[in-house]
Amino acid sequence: MDTPPKTIAHARTLLDTGELTACELAEGYLARIEQRKDLHAYLEVFDDVREQARAADVRIAAGESHPLLGIPLAVKDNILIEGRVASSASKMLEGYRATYDATVVRKLKGEGAVFLGRTNMDEFAMGSSTENSAFGCTRNPLDPTRVPGGSSGGSAAAVAADAALAALGSDTGGSIRQPAAFCGVVGLKPTYGSVSRSGLMAMGSSLDVIGPLARSVRDAELLFGAIRGADSLDATTVPDTAPRISPRERYTIGVPRSFVEQGVDPDVHAAFEQGLTALRDAGHRVVDVSLPTLAQALATYYIIMPAEVSANLARFDGVRYGLHGDGGSRIGDYKRSRGAGFGPEPRRRILLGTYVLSSGYYDAYYGQAMRARECIRHDIQGVFETVDAIATPTTPTPAFKVGEKTSDPLAMYLEDIFTVSANIIGVPALSVPHGTLVRDGVTLPVGFQLMAPELGEATLFTLGAVLTGEGS
Amino acid sequence: MLSKDDVRKLADLALIEVPDDACAGLAKDMDAILGYVRDVATLAGGTSDAPAVPSLRNVMREDAVTGVTGFREDLVGQAPDRDGPYVRVKRIL
């Protein structure tokens with residue numbers, strides 16, 4: 001394999017016609033991973049990749065054909081694969097071995113996908129740069145002095161560096177879309193509940209969803225099709241009978257003008273405007289919409305998410321699994337284990353969550369945030385009565401320098417300003433690379449985000465394909 | 001203003017050990033974040049009739065054992081301290 005296949009669809013053709021075996025394909029990716037070791041995209045490359053590829057070749061030879069049979073994928077370190085270490089890039093779970101497969105992994109194994117390894121991330125998926133990984137940060141393949149975004153930064157970097165054909169990530173407030181934007185790949189945050197969370201380490205249970213990072217919109221669609229579906233192991237999954245929005249020829253796209261014009265890098269804004277022009281040129285209608293509640297979305301998110309984090313991470317107590325520290329007593333053991341196991345960002349969010357849920361502040365923070373969540377839902381749903389999709393830049397800035405925002409957590413949180421709304425109300429959103437800008441002589445990608453109503457992924461795929469040039 | 005003492009109390013509530021020299025920095029960061037998120041009140045407070053909970057859907061299932069069994073050893077094997085098929089903990093009473 002001299003040059004890696006461009007897309008999963010391309011690799012599929014090569015595999016099905018026998019031009020390439022799954023073993024050769026896997027070998028090529030293992031070599032590529034080795035070449036780009038400097039990026040630190042992977043926390044572990046699995047030792048049985050060749051074995052998995054051989055098994056795929058046997059199935060291909062027997063005449064089987066699935067879209068993902070023999071396709072090499074990377075998996076974020078917070079998604080369980082039975083028998084493998086899954087650490088969420090935390091000292092707390094260093095060496096922890098999963099005792100079962102996540103539902104998405106079970107589905108991909110059934111399809112015959114080849115798992116290359118587990119990718120680096122911000123600890124427990126908390127961060128926007130992968131600098132919060134307990135095992136060192138990942139570098140952006142386009143400019144190694146910059147971050148790849150986060151928290152699924154390892155997955156995005158692996159795909160962008162041709163060190164995986166596609167990857168799985170998880171998105172609680174932008175953790176798939178923001179790194180996709182920074183690394184110039186496609187990232188989908190599916191509708192909440194359309195993909196099972198069973199086997200995904202919980203961060204914010206009302207916000208979390210697993211989704212694909214890929215080199216094309218079609219590949220993201222393929223991977224999404226393989227992992228979605230109702231699951232008895234996750235009661236919040238959407239029933240398979242729920243009506244999905246069918247694709248159409250012409251769409252109306254709303255732009256919350258006053259919101260996207262504030263605090264956005266001028267070059268990012270220019271790329272965004274070019275994206276709108278491309279959509280208009282393809283025959284779609286672009287209109288201005290008013291979404292006044294978006295201004296409070298980030299504040300709402302940074303109350304609800306830490307509250308859920310503090311509850312979810314209470315399970316790490318140094319008793320049943322994970323790091324254990326001896327504090328002299330039962331309570332002392334809890335405190336010592338948690339103090340030693342969690343890095344600064346999970347610790348900060350656990351304390352924030354504890355604060356906003358404490359009896360004296362519950363109404364002022366968590367109660368208000370839950371009301372605000374419903375106001376935002378009402379506001380956006382109202383706009384979706386007149387438009388099919390809402391467009392914004394994915395991020396206000398391009399990929400920033402390693403270390404640039406580590407000393408100011410609030411500045412880091414502002415990265416999520418355009419992405420959190422989709423998680424707050426559970427709708428799907430897609431980031432596609434569209435346009436570029438130049439920083440310090442390096443060309444960097446810009447992400448264009450589209451948000452659709454619940455179960456409106458087809459709308460996102462159609463419009464996203466226009467922007468990546470895959471349309472028609 | 002959040003004080004170092006407030007951070008210590010929160011850490012106690014959250015059962016997490018925070019070194020003394022980290023308390024001041026945490027108080028400062030958390031103050032900035034709480035100051036920012038206090039903004040939600042301008043939205044929710046303006047519409048007092050706003051519902052506090054979303055419309056929810058109940059998920060029902062048969063009251064029957066559905067889980068897979070047979071991985072006790074895998075689970076107990078992850079515990080930092082064990083006694084045969086049990087996870088060992090410090091005295092509770």
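Above this text sits the structure in question.
Being a predicted model, the structure only gives us computed values, none of them experimental. (Residues numbered from 1 in each chain as written. Chains lettered and ligands numbered in written order. Predicted model: local features only at pLDDT ≥ 70, side-chain atom pairs only at ≥ 80, totals over all residues. Heavy atoms only, no water.)

Residue and element names in this part refer to chain A. Using the criterion set out here, one finds 15 aromatic pairs over all chains in the structure. Taken together through their ring pairs, the aromatic side chains of Tyr96, Phe124, Phe316, Tyr321 and Phe342 make up a single cluster. When the ring centre of Phe46 is taken as origin, the NZ or CZ atom of Arg84, which lies over that ring, is 4.0 Å away. The positively charged end of Lys405 is found above the aromatic ring belonging to Phe400, 4.7 Å away from the centroid. (Phe/Tyr/Trp six-rings, centres within 6.5 Å; stacked < 30°, edge-to-face > 60°. Lys NZ or Arg CZ within 6 Å of the ring centre and 35° of its normal.)

Two elements in contact, helix H12 (residues 344–357) of chain A and helix H1 (residues 4–13) of chain B, have axes whose closest approach is 9 Å; the angle formed by their N-to-C orientations is 90°. Judged on the interaxial angle alone, H1(B) and H12(A) are roughly perpendicular. Every residue of H1(B) that contacts H12(A) at A:Leu351, A:Thr354 and A:Tyr355 is listed here: B:Val7, B:Leu10, B:Ala11 and B:Leu13. Grouping the amino acids of the contact of H12(A) with H1(B) by side-chain chemistry returns six nonpolar, one polar and no charged. (Axes fitted to C-alpha atoms, helices over the stretch in contact; angles between N-to-C directions. Helix = DSSP H or I, 4+ residues; strand = E, 2+ residues; numbered from the N terminus. Parallel < 35°, antiparallel > 145°, perpendicular 65-115°, else oblique. Contact = heavy atoms within 4.5 Å. Nonpolar A, V, L, I, M, F, W, Y, C, P; charged D, E, K, R; others polar.)

At the interface, 47 residues of chain B touch 57 residues of chain A. Interface area, chain B with chain A, both sides summed: about 4400 Å², of which 69% is carbon and sulfur. Counting the contacts that link chain B with chain A gives five salt bridges. With a closest N to O distance of 2.8 Å, A:Arg336 and B:Glu17 form a salt bridge. Our count for the chain B to chain A interface comes out at eleven residue pairs in polar contact (both at pLDDT 80 or more). Going through the elements one at a time, H1, helix H2 (20–37), helix H3 (40–44) and helix H4 (72–76) of chain B are the ones with two or more residues in the side of chain B that touches chain A. When residues in the side of chain B that touches chain A are grouped by element, the largest group, nine residues, is from H2(B). (Buried area = accessible area lost by both parts, 1.4 Å probe. Salt bridge = Lys/Arg side-chain N within 4 Å of Asp/Glu carboxyl O. Polar contact = N/O pair within 3.5 Å; in protein donor to acceptor, adjacent residues only side chain to side chain.)

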